[in-house]
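Now for the letters of each chain:
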Amino acid sequence: MDYQRLAALMFPQELKTPEEYEALFPVRNLPEGAKITRMAPSPTGFMHLGNLFGAIVDERLAHLSGGKFILRIEDTDLKRQVPGAVELITRVFGQYGLNIDEGVTSDGEIGEYGPYYQRQRAPIYQAFAKKLVLEGKAYPCFCTEQDLENMRNLQEQRHENPGYYGEYAVHRDMDVDTVEQLIKEGKPFVVRFRSTGDPDKTVTIDDQIKGKISVPENNQDFVLLKSDGIPTYHFAHVVDDHLMRTSVVVRGEEWLSTLNWHIQLFGALGFKMPKFAHTSHMMKVDGDKKRKLSKRKDPEASLDFYRTEGYPPESVKEYLMTVINSNFEDWRIANPTAPLETFPFSLKKMSVSGTLFDMDKFRDVSKNVIARMSAEEVYDRVVDWAQEFDQDLYNCLTRDPDYAKSILAIGRGGKKPRKDLALWSEVKDYLSFFYDELFNPDYTMPENVAKEDVARILADYGDIYNPEVDMTEWFNAICQYSGTIGFASSTKEYKQNPEQFRGSPGDTSMVLRVAVCGRQNSPDLFSCMQILGADKVKARLQEALNKLN
RNA sequence: GGCCCUAUGGUCAAGAGGCCUAAGACACCGCCCUUUCACGGCGGUAACACGAGUUCGAAUCUCGUUAGGGUCACCA
């Protein structure tokens, strides 16, 4: 077989040699142990929680080891491309604080191992494909989609494995004259790998997460270059990760099934294999079954969900860390305020089995994240969120920032901070009663307080309330007043003989709370009254009294 | 169906042959603290998928079964 002639027919264009590329992208000069990782999303306009999961692993691995983290765009499939998708990707990286050392950023490409868009790397892949053709390790295939479908049907009928292999690899040994003829006729062709694998033999690799994995050798003549000269994932992955000198390939375990293709290709091209780390999937319960988080069925699969709902990126990251590294939670308890970056992340601690996404757990994590923030920071974040997603809330918050911050400061800080908020979209309801236009009172009074007592408290308290005094004195006044209307004048007293009283100071407070806040649950009532101011408190009491009748 | 991966409470998980009468977190329940709530404290319910084998000894090693997941494209 005249491979020289075959290669010339298949690749008439001017191409650099593989050796030239090797020289162009030399092995990196990095300290011992430094890891090169890469995230390689497709610009589909959708960022999956799993993408972030992988990106965090990549980023931590690289930066904890003094290596490099690369962002490469896998835009080889034109059909799936969506305008603005790359911007979405870089925006997400920015939001989540995943700093790229090399590759595509919001300010263009950086780094010496580019281009980092695969489409722009077409000549590189072609050069290496040509090398394989010259060595008899690849060949053109002129099968149409229809041909392949017919083949699959036949294989299904015969209960044989589907695919392009063995006797089904019909164009494998086509003579060069025929190839020339077909090319002259303008027939499109793909470039296929000529597999020499024996499926009865197995090949074993040591995965960084899963440990030893044994798979049968590949015998499929899979496609290297599509008919438009653009590579498939498999070929692009091998060429890119070699030339970019990636040292650890982190990717989802769905790639395990074609791992033998990649192993074979690294061998055929004479490339040193990188290490592999196959991550398990995020799962979700669907009825009584578990399945992979689905972009179509599960809103929480999309990173956009967290943004629109108002979950801080830190919360998502923090939650993912609890899943990624089993010792993270203990570390966080021991180091409540330490930056995430100081956690000693390790691949060894990664789970090998699929993890169910746990919304309860996630909310808990997020509450803790938000509880650690200052009122100032919460204010800034909520305003940013509201500006985009809740104009009413935005208007309220920005009208008087100090007022808003004083609300958000209630019970914040200290040893036992309040944990009311898990996400920004809960803020509006949380503080609605501080704003007249959001105030939507439910005047349901505590059942154990007689209606005439309610009316009396509401009528009397306006004159009793003194905004000048501190919390202790404020509560003492309520206690004292309670004593004058047949209520106990202390909680202790009431508890000793509940039947002797019409109510307790707690009941009095609850009546006031319902009137002032329009609900039975609120942060500390004293603080609420302080922030609202005496005039507003009195107006609210009157309003509630009017509604009573 | 073939191939591959996985299997400890409802969920995430600790666990590397004896430290296991099996950690911890979330959720749930109870009690305490308390002007309600949110916190916080204390306690509780709840698990090694099944069957063989190896071994003095198995959650841990091996095999099988079962169950779940993934994958079988000119998609990634």
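Computed from a predicted model, the values in this text were never measured in an experiment.

Analysis parameters
Residues numbered from 1 in each chain as written. Chains lettered and ligands numbered in written order. Predicted model: local features only at pLDDT ≥ 70, side-chain atom pairs only at ≥ 80, totals over all residues. Heavy atoms only, no water. Pairing = 2+ DSSP bridges. Helix = DSSP H or I, 4+ residues; strand = E, 2+ residues; numbered from the N terminus. Domains from an automatic or database assignment. Axes fitted to C-alpha atoms, helices over the stretch in contact; angles between N-to-C directions. Contact = heavy atoms within 4.5 Å. Buried < 20%, exposed > 50% of the residue type's maximum accessible area, 1.4 Å probe, protein only. Near = heavy atom within 4 Å. Polar contact = N/O pair within 3.5 Å; in protein donor to acceptor, adjacent residues only side chain to side chain. Nonpolar A, V, L, I, M, F, W, Y, C, P; charged D, E, K, R; others polar. Parallel < 35°, antiparallel > 145°, perpendicular 65-115°, else oblique. Left-handed = near helix turned anticlockwise from the far one by under 90°.

Attention now moves to the sheet that holds strand E13 (residues 289-292). Pairing within the open sheet is mixed, and its three strands lie in the order E13-E12-E14. Each of the sheet's edge strands pairs with one partner strand only, and the pair in question is E13 and strand E14 (355-356). With four bridges joining them, strand E12 (residues 282-286) and E13 adopt antiparallel strand pairing. Paired with Asp-286 across the bridge in E13 is Lys-289.

Turning our eyes to something else, we now look at the domain arrangement of chain A. In many analyses, interface size is given as the accessible surface area lost on bringing the parts together. Segmentation of chain A into domains returns domain 1 (3-15 + 122-279), domain 2 (375-434) and domain 3 (451-548). Domain 1 and domain 3 are separated by 78 Å when their C-alpha centres are compared.

Taking strand neighbours across the sheet as the criterion, the four strands line up as E1-E2-E3-E4 in an open arrangement whose pairing is mixed. Two strands lie at the open edges of the sheet, namely strand E1 (36-39) and strand E4 (108-110), each paired on one side alone. The mean angle between the axes of side-by-side strands here comes to 25°, regardless of whether they run parallel or antiparallel. Direction of pairing for E1 relative to strand E2 (residues 68-71): parallel, over a ladder of four bridges. Note on E2: the bridge partner recorded for Arg-38 is Ile-70. In the packing of helix H3 (residues 49-64) onto the sheet, the strands contacted are E1 and E2, and the crossing angle to E1 comes to about 160°.

This part is about unusual backbone geometry. A cis geometry characterises the amide bond from Gly-114 onward to Pro-115, with omega recorded as 0°. Positive phi outside glycine occurs at His-159, with the angle close to 55°. Among the structural elements, His-159 can be located in the loop between helix H6 (145-157) and helix H7 (176-184). With a relative accessible area of 74%, His-159 lands in the exposed category. Backbone geometry places Arg-245, a non-glycine residue, at a positive phi of 60°.

Around RNA strand B, a shell composed of 64 residues is seen, among which Glu-74, Thr-76, Lys-226, Glu-329 and Arg-418 lie nearest. By atom count, sugar and phosphate contribute 73% of the portion of RNA strand B lying within 4 Å of the protein. The side chain of Ser-326 places a nitrogen or oxygen atom 2.9 Å from a phosphate oxygen of RNA strand B. A distance of 2.3 Å separates a base oxygen of RNA strand B from a polar atom in the side chain of Arg-418. Here the residues of the surface near RNA strand B are counted per class, giving 20 nonpolar, 18 polar and 26 charged.

Okay, the packing of helix H18 (residues 451-464) against helix H19 (residues 471-484) next. Direction vectors running N to C along H18 and H19 enclose 135°, while the axes themselves pass 11 Å from each other. In terms of their interaxial angle, H18 and H19 are classed as oblique. Two packed elements cross with a definite hand, and for H18 against H19 that hand is right-handed. Across the interface between the two elements, Arg-456, Ile-457, Asp-460, Tyr-461 and Ile-464 of H18 pack against Trp-474, Ala-477, Ile-478, Tyr-481 and Thr-484 of H19.

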